[in-house]
Amino acid sequence: MEELRQAILKYGQVLGDGILKVDAFLNHQIDCVLLFKGAEDLASRFRAQEPTKVLTAESSGITPAVLTGLALGVPVLYARKRRPITMPEVVYRRCVPSHTKGIVVDLMISPEFISPQDRVLIVDDFLATGLTIEALSELVTDAGAQLVGIGVVIEKTFEGGRERLAPLKVPIESLVRISCLDEGRITFAPP
């Protein structure tokens, strides 16, 4: 997606250690027009899988997931990192390390919002190591639902996430793929 590449080149900041700061349009301030175009693109790629629900992780994945859910006309569920008092005691839960926060976080979803009848599309902001998306896929499995695909805004191909997720045997689609973030430069991989 050329507009997304241009936004990454214009606003993206390479912070080292494989971290790309895109707060200007994706993770803090939201460019709704740009991200909705991306969401429509992801929706078109996954419409044939007939998802009934979009799943993401709190919090940076929520915007692309909501916009993709809107484009597909299906509800969006996000895995919470803290259990509010309104959530049942028994939840589906996985722990996953957060690369950008440097801690291990819980991901929880309430059984009342996912069922074995659901066909789930995972949508997230980044695919890097694949650990967060793998944990989300395990939550889908725990609920007895079917994972039908994985869509991401930005994939960092050099971190091996796609390979980690390959055993899931579902389509994985990225709007933009980055092959290198060395020396402060952003190098895009072929689409």
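In this report, the structure presented in the accompanying data block is examined. (Residues numbered from 1 in each chain as written. Predicted model: local features only at pLDDT ≥ 70, side-chain atom pairs only at ≥ 80, totals over all residues. Heavy atoms only, no water.)

## Side note on the sheet that holds strand S4 (residues 76–79)
Going by this rule: Here a strand pair is declared whenever DSSP counts at least two bridges between the two strands. Secondary structure counts use DSSP, requiring at least four H or I residues in a row for a helix and at least two E residues in a row for a strand, with both numbered from the N terminus. Here a residue-residue contact requires only that any non-hydrogen atoms of the pair lie within 4.5 Å. Orientation is described by lines fitted to C-alpha atoms, with helices fitted over the stretch in contact, and by angles between N-to-C directions that extend from 0 to 180 degrees.
Strands sit in the order S4-S3-S7-S8-S9-S10 across an open sheet of 6 strands; the sheet is mixed. Either end of the sheet is taken by a strand with one partner, and the two such strands are S4 and strand S10 (187–188). Strand direction decides the pairing type here: strand S3 (residues 53–57) and S4, joined by 4 bridges, are parallel. Within S4, the residue paired with threonine 56 across the bridge is tyrosine 78. On the sheet, helix H4 (residues 62–72) packs against S3, S4, strand S7 (119–127) and strand S8 (146–156) and is oriented at approximately 140° with respect to S7. Contacts between helix H5 (residues 131–142) and the sheet are confined to S3, S4, S7 and S8, with S7 contributing the most and set at about 165° to the helix.

## Focus: the pattern of salt bridges
Rules: For this analysis, a salt bridge means a side-chain nitrogen from Lys or Arg found within 4 Å of a carboxyl oxygen belonging to Asp or Glu. The rule is simple: take the accessible area with a 1.4 Å probe, protein chains only, and divide by the maximum for that residue type; under 20% is buried, over 50% is exposed, in between is partly exposed.
Overall, the coordinates contain 12 salt bridges when judged by the stated rule. Here glutamate 89 makes a salt bridge to arginine 83, at a shortest N to O gap of 3.0 Å. Here arginine 94 ties to aspartate 142 by a salt bridge, and the two come within 3.1 Å at their closest N and O atoms. In this pair, arginine 94 sits in strand S5 (residues 92–98) while aspartate 142 sits in helix H5, placing the two residues 48 residues apart along the sequence. With a relative accessible area of 33%, aspartate 142 lands in the partly exposed category. Bridged by salt links that share partners, the residues Asp41, Arg45 and Glu173 form one connected network.

## Describing the pairing of strand S9 (residues 172–180)
Bridge count for S8 against S9 is 6 bridges, and the pairing is parallel. Of the residues in S9, the one forming a bridge with isoleucine 154 is valine 176. Joining the antiparallel neighbours S9 and S10 is a turn of 6 residues, in which glutamate 183 adopts a positive phi near 55°.

## Some remarks on the packing of aromatic side chains
Our working rule: Each aromatic pair joins two rings of Phe, Tyr and Trp (for Trp, the six-membered one) with centres within 6.5 Å, and gets the label stacked for planes under 30 degrees apart, edge-to-face for over 60, and tilted for any other angle.
Under the criterion given, the structure shown has 1 aromatic pair. Both rings, one in tyrosine 11 and one in phenylalanine 25, keep their centres 6.4 Å apart while their planes meet at 50°; by these two values the pair is tilted. Pair noted here: tyrosine 11 is in helix H1 (residues 2–11) and phenylalanine 25 is in helix H2 (residues 23–27), with a separation of 14 residues, a long-range link. Using a relative accessible area of 39% as the deciding quantity, one classes tyrosine 11 as partly exposed.

## Here's the deal with the packing of helix H3 (residues 32–46) against H4
Rule in force here: When describing relative orientation, an angle under 35 degrees is termed roughly parallel and one over 145 degrees roughly antiparallel, while 65 to 115 degrees is termed roughly perpendicular and anything else oblique. The sense of a crossing depends on the near helix, which, turned anticlockwise from the far helix by less than a right angle, makes the crossing left-handed and, turned clockwise, makes it right-handed. Each residue receives one of three labels: charged for Asp, Glu, Lys and Arg, nonpolar for Ala, Val, Leu, Ile, Met, Phe, Trp, Tyr, Cys and Pro, and polar for the others, Gly being one of them.
Packing of H3 against H4 brings their axes to within 8 Å, and their N-to-C directions diverge by 55°. On the basis of their axis angle, the class for H3 and H4 is oblique. Like other packed secondary-structure pairs, H3 and H4 cross with a definite hand, here right-handed. Taken together, the residues of H4 that come into contact with H3 (itself represented by Cys32, Leu35, Phe36, Ala39, Glu40, Leu42 and Ala43) are Thr63, Pro64, Leu67, Thr68, Leu70, Ala71 and Leu72. For the contact of H3 with H4, the class distribution of residues is 11 nonpolar, 2 polar and 1 charged.

## Considerations on H5
This is how the line gets drawn: Multiplying 1.5 Å by the helix residue count minus one yields the expected span of that helix.
If you check H5, its first and last C-alpha atoms are 16 Å apart, about what 12 residues at 1.5 Å a residue would give, namely 16 Å. Regarding H5, the residues found buried are Ile133, Ala135, Leu136, Ser137, Leu139 and Val140.

## Focus: unusual backbone geometry
Cis geometry is adopted by the peptide bond preceding serine 59, which originates at glutamate 58 and carries an omega value of 0°. For serine 59, the location among the structural elements is in the loop between S3 and H4. Its identity as a non-glycine residue notwithstanding, aspartate 17 has a phi of 55°, on the positive side. You can see aspartate 17 is positioned in the loop between strand S1 (13–16) and strand S2 (19–21). Exposure remark for aspartate 17: the relative accessible area of 61% places this residue in the exposed category.

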